[in-house]
Every structure is written in structure tokens, then in C-alpha cells.
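# Structural overview
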Amino acid sequence: MLIADDLNELLEILPDFVRLPLHNHHQCKYLIEVVMDLGRRPEARFPHGPEYLSAKTISWQDLDFCIRRIGNFSGDNRSGIERTLHRISSIRNRKGNIIGLTCRVGRAVFGTISIIRDLLEKRQSILLLGKPGVGKTTAIREIARVLADEMEKRVVIIDTSNEIAGDGDIPHPAIGRARRMQVARPELQHQVMIEAVENHMPEVIIIDEIGTELEALAACTIAERGVQLVGTAHGNYMESLIKNPILSDLIGGIQYVTLGDDEAKRRGSQKSILERKSSPAFQVAIEIHTRDSWIVHEKVDEAVDQILQGASLFVQRRKFCFDGSIQIEYEQSKVTEFLSPIVGSSDQFGSYKSPKKFSYSLNMKHQYLPNSNIVYPIHNQTSQKPLLNITPSISSKQFQTLNKKVIIVYAYSVSLEMLKSAIQVLNSPIVITQDIVKADVILALRSHVKQNNKLRQIAKSMQLTIYTIHSSTMTNIIRALKKMLTVNYLPYMDWEKICSDKTDIEVEALQETRIAIEKIILSKKHSVELLYRSTIIRKLQYNLISSYNLQCRSFGEEPDRRLCIYP
């Protein structure tokens, strides 16, 4: 990554007893901000913590020294240094006099969005979430440059506080060819957003810090006009955005819905529930927890529905690695207050627990693009998706536990007492739920399923298998449960024996195939394209795929020929 900070420009506005200690500081390039409060010692803040710069306290003259060297403060008490990204914020007393300054260092970090470049190419609207200072503005500035310069889109930035493109009339080079519209007063940001669409014909509009109801409404209006949006908002998690009545419209908004008696009974929920009321303005949401760890929700509508319906949210975490690769982990988020507990669980196995986190190390191949300081993943020219080298980051002992799976059954018109007894007889890892959203399979009476079109439609939309029995007898239920176990259990394999006579490359290819099958094909029902391999290795992969009773085919020309596995 390439970093440009223009730090000397910021140091020049500071008094000598503040500037000189910073100039000679060994951690100067990691400086976050300088705080100057009247009657207190000046303080510098670094990632490792704050430090005092001098024993001398700040006086009125020191504050006036700084204020005269910067531009006028706007209505949100922010100012800047022309042609730089630094931000100077003021604290005023009751009389309106400035009694404190926060001088925040602005840096243009090139290469930060290679972690989500594949999402930008999908042309979907993206919302970045995160606490202040985590790097949202830095990321959105780099997104603007990549969209304008490398993807050649018409990009307009709504720069309310001149934080994205810097202070002054000429924007900072860090935004590339993107255009910048300044906002006279912060409360007029929503008007400038609409003006940008009506007057300047943009393909992409970039907004920093969506924080009011009018701005959220303007974002929804722009999205309905077919313009791609990239914006930021304060909030650590998706759940915090749902709870925020001002910003919830960005992800579709929520409303109370009253269910009928039969529907509430079928769901096992209360009659009044929360549901999403419209399509979200942003199709992709990214939670930035740290600068090198991002959580991606590629389908915001589905994520919001799962949170409101009580399903465990399946999230994707992307991380920068020291070697330049990108690691992607898949994990289930913690249960929130939106979730309802699973009821009717078998005592044999206790309450249902979310499966442990598993991860893939996605070692993307990289190349340097002309006229660019950023390293990007090489995309396969014959496919819309980049080729990813999937290698498991779990131990061989954990591989053995992957063959075990808890099956969640939704019983419809079947005796729960008989079903619980059958589960105890089989001593099998099956639990019962009264919420169809949490179910893996459905067990129902055949005569009742034929009369219930809604159940069949729900099962089809959620891709759930319906096992039917003629009557609720112990024999019929046990036979159905055995069939479930046969379908849902993974074949047992002695992994050490399989890998004993294989080379490291062959073991890696087999691990790639196994992870793809067990964590994507069988669980998410998505086809997976493997990395290109030699003929001998493809034959080993084919034999492993056949042991799972799955179909695959090879395509491409040598030496780039590879397998694609289908659910």
C-alpha cells in the first residue's frame, strides 16, 4: 500500500513547542491527531496511546496562532488546509469563542479497497459501517478513485465537510478523476445529493456520513433512479442500523406486522412481529471493525430478514494478511434480541448451538496494473468470478468433526412426543424446532401436506426437503429419520490414510475440494469452481467428489483446465 499524508503541511500551523517535538518523534508517521485545549498541555495521539508534547500549557495566543493559518470554520465547526486531507475541528464556549482544537491527520492510502474490488465490479450500492476513526473516509476516498480512474465511471462526491477531497476549491489528487460537490451548510447535504443526480448525470454518487432522516430519504430516492451509491454511516453492526429509526430506511426499514392466529401458531412466534418493509437502498453492507478486518454482507435484504426472523446470521469476514493475500472467514454471528429461542429441543442433545467458525485462506494471485500503485487480484478471463486458492485453516482433528452435523427438524402435524421418542431410540443428533426458518428439513403427514400449498411454497423458497409419512407411528417416524441421517451425514473418510502417500500439492488440492464440498456445496447449495490443476490431480479430485455422490465437470484449456462441482 502507498500512503500520502502531507504531514508537514499540518505541522506548519502548530506553535513551535508543539511542532518541534512532533517533528523529531520516532512515531511521527503514525500520528492520528493533535489535541490543543485552552489551559492544558498539548497532546498527540498515536495508535499505541496518547503522549504529552510539552510541559507548557495552551494559551489564547497559541490557539489564535493556529486559527490564523487555516481557513474559516464552517457551520459544523470544521476547517482544513487547502489541497490537503487534514481536518481541524474546533470546540467553542457559550460565547462562541474557540477554546480547543482537534487537528486530525488525513491520509490517502492507496490499495485499501483491493479487499472488496470484486464487489465494486458488481455495480451494486455499498454502505460502509464503523465507529469514528476506523477508516471509513479513507476507504471511500480510495473507492472514488478506483471507480473514476480504473473503472472509468462518472463519479460525483458529495463532500459536506471537505473531508474526502480536502479543503479548498481544487480537490485533492487522491480522488482521481472523480468530481467533488461542496456543501454550503451541513443541513443542506440532502439537497446537494438530489442536485448532483439532476444536473450532472453521475453513474456513482459517493456520500460520507449519512446521519439524518432527510439524507437517508435522499439516498433512497437516488437508488430508485438507478444510480450506484457508496456511502458511510456510524454504527458497528447491521443490528445497530436496524435499531436506528433514522437510518433503518437505508437497509429497507422495519415495520410491525400482525399475523393471524394460524400463521403465528405455525411460526411459533407472537402475533406482532418485525418485518422489512421495502427494498434496501444499499445492496451490500460492510462493517469495518479494524483497518484490516472487514465483515461483508453481500445481500443486505436477506441479512435483514434473517435478523428479524430469528435465524442465525451467516457473515463473511475478510482480512488483510502480512504476505499481501486476503483471508476470508465464514462464521455465524451471535444471537441478538431479535432472535427467538428454539423450542422443543430434544433433551438428549440440549439446546442448539451455533457451529464453530471456519475459515478459508484465499491467497489471491496478484498483478500490478499500469499507472497504479495498487496490487489487484488477477481475474479469470473465462469466468465472472476470480479464481481463489482455498486452503483450510483448521486442524486435521477438526476435519474428523466435520462429519458430524446437527439436523434441525420442523414437525408439521406430527406427534412431537412420538418424534422425541424416535430421536432417543436412534440416539441421533436431531433437534426439533417450531420455527420453520431455523429448520434444515420438514417432517409432515402426507395428507396434510397435500392440502397446504403455503407450506410447500415456503419449503421451495427456502430449499427445504419435505419428508412425508403416512401416519404418526413410531415405525414410520424412525424410517423417515433414518433417511434424513443418510442424506445429511457426510461419508466418513480416513483423511490421514488418504493423504499418506500424496505430495503436498495433491493434499492441498484434496483439502480444497473437501472444504468446497462440505462448507459450500452441501450447506449453501452453490456450485464451486476449483483452481486449475494437472490431469493427475484432477483425477484425484474427481474420485473424492464421486465419494460424496456429487456431479462435476472439467472445462477450460490446458494448463488452465479445472473442475466445477455442482450441488
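Everything numeric in this text was worked out from a predicted model, so none of it was measured.

## Notes on the overall build of the protein chain
The number of helices and strands found in the protein chain is 18 helices and 30 strands. Out of the 567 residues belonging to the protein chain, those deemed buried represent 51%. Working note: accessible area of the protein chain is about 28,700 Å², and carbon and sulfur atoms make up 49% of it.

## A short note on the pattern of salt bridges
A full pass over the atoms with the stated rule returns 26 salt bridges. The closest approach of N and O atoms between K438 and D435, which form a salt bridge, is 2.8 Å. What makes K438 buried here is its relative accessible area of 12%. Look at D435 and you get buried, because its relative accessible area is 10%.

## Describing the side chain of Q327
Here Q327 lies in strand β19 (residues 326-332). On the accessibility criterion, Q327 (16% relative accessible area) is buried. Separated by 3.4 Å, the side chains of Q327 and E329 make a polar contact.

## Here we look at the packing of helix α6 (residues 189-200) against helix α7 (residues 213-224)
In the contact formed by α6 and α7, the axes pass within 8 Å of each other and the chain directions differ by 15°. Compared by their axis directions, α6 and α7 come out roughly parallel. Seen from above, α6 lies across α7 with left-handed handedness. Here Q189, H190, M193, I194 and V197 of α6 lie close against α7, whose contacting residues are L214, E215, A218, A219, T221 and I222. Grouping the amino acids of the contact of α6 with α7 by side-chain chemistry returns seven nonpolar, three polar and one charged.

## Some remarks on the pairing of strand β18 (residues 314-320)
Counting buried positions along β18 gives five out of seven residues, so the element sits mostly inside the fold. Where strand β17 (residues 293-297) lies against β18, four bridges are found, and the strand directions are antiparallel. What sits directly across from S293, in β18, is K319. Pairing between β18 and β19: seven bridges, direction antiparallel.

## With respect to helix α18 (residues 535-547)
With 13 residues, α18 ought to run about 18 Å at 1.5 Å a step, and its terminal C-alpha atoms sit 19 Å apart, in line with that. For α18, the full list of buried residues reads I537, R538, Q541, L544 and I545. What you see down the axis of α18 is that its buried residues fit within an arc of 120°, all on one side. Among the exposed residues of α18, those pointing more than 90 degrees away from its buried face are T535, I536 and K539.

## Let's talk about the sheet that holds strand β30 (residues 562-566)
Read across the sheet, three strands follow the order β28-β30-β29 without closing on themselves; strand pairing throughout is antiparallel. The open sheet terminates on both sides in strands that have one partner only, identified here as β28 (528-529) and β29 (551-555). Taken together, the two bridges between β28 and β30 define a ladder with antiparallel strand orientation. Counted as the bridge partner of V528 is I565 from β30. Most of the contacts of α18 go to β30, to which it runs at about 10°, and overall it touches β29 and β30.

## Remarks on unusual backbone geometry
Here E558 and P559 are connected by a cis peptide whose omega angle stands at 5°. Secondary-structure assignment places P559 in the loop between β29 and β30. The backbone phi angle of M201 is positive, close to 50°, even though this residue is not glycine. Relative to the helices and strands, M201 resides in the loop between α6 and β12 (204-207). Classification of M201 by relative accessible area gives exposed; the value is 58%. Phi is positive for E209, which is not a glycine, with a value near 60°. Using a relative accessible area of 28% as the deciding quantity, one classes E209 as partly exposed.

## A look at the packing of aromatic side chains
Under the definition given, this model contains zero aromatic pairs. In this arrangement the basic side chain of R41 is found over the ring face of Y52, its NZ or CZ atom lying 4.0 Å from the centre.

## Notes on the environment of K420
Secondary-structure assignment places K420 in helix α12 (residues 416-426). Judged by relative accessible area, which is 28%, K420 ranks as partly exposed.

## Here's the deal with the confidence of the model for the protein chain
In the predicted model, the protein chain carries a mean pLDDT of 80, and the fraction of residues at 70 or more is 84%. Ignoring residues within four places in sequence, the model shows residues 335-404, a span with pLDDT below 50, making 163 contacts including any to other chains.

## Some remarks on the sheet that holds strand β6 (residues 87-92)
Within the open sheet, the six strands sit side by side as β4-β3-β2-β7-β6-β5. Their pairing is antiparallel. Strands with a single pairing partner mark the edges of an open sheet, and in this sheet they are β4 (49-52) and β5 (78-80). Taken pair by pair, the neighbouring strands of this sheet meet at an average axis angle of 25°, ignoring direction. With five bridges connecting them, strand β2 (residues 33-37) and strand β7 (residues 98-104) associate as antiparallel partners. Across the sheet, residue V35 finds its bridge partner in β7, namely T102. Sitting on the sheet, helix α3 (residues 60-67) is in contact with β2 and β7, with an inclination near 50° to β7.

## Observations concerning α7
With twelve residues, α7 extends 17 Å from end C-alpha to end C-alpha; this agrees with the ideal 16 Å at 1.5 Å per step. Buried residues along α7 sit in contact with α6, β12 and β13 (228-234). Looking one or two places after α7, you find G226, whose phi comes out positive at around 85°.

Calculation notes
Residues numbered from 1 in each chain as written. Predicted model: local features only at pLDDT ≥ 70, side-chain atom pairs only at ≥ 80, totals over all residues. Heavy atoms only, no water. Helix = DSSP H or I, 4+ residues; strand = E, 2+ residues; numbered from the N terminus. Buried < 20%, exposed > 50% of the residue type's maximum accessible area, 1.4 Å probe, protein only. Areas by Shrake-Rupley, 256 points an atom, 1.4 Å probe, with all protein chains shown as cover. Salt bridge = Lys/Arg side-chain N within 4 Å of Asp/Glu carboxyl O. Polar contact = N/O pair within 3.5 Å; in protein donor to acceptor, adjacent residues only side chain to side chain. Axes fitted to C-alpha atoms, helices over the stretch in contact; angles between N-to-C directions. Parallel < 35°, antiparallel > 145°, perpendicular 65-115°, else oblique. Left-handed = near helix turned anticlockwise from the far one by under 90°. Contact = heavy atoms within 4.5 Å. Nonpolar A, V, L, I, M, F, W, Y, C, P; charged D, E, K, R; others polar. Pairing = 2+ DSSP bridges. Expected span 1.5 Å × (residues − 1). Arc of directions from axis to C-beta. Phe/Tyr/Trp six-rings, centres within 6.5 Å; stacked < 30°, edge-to-face > 60°. Lys NZ or Arg CZ within 6 Å of the ring centre and 35° of its normal. pLDDT = per-residue confidence, 0-100.

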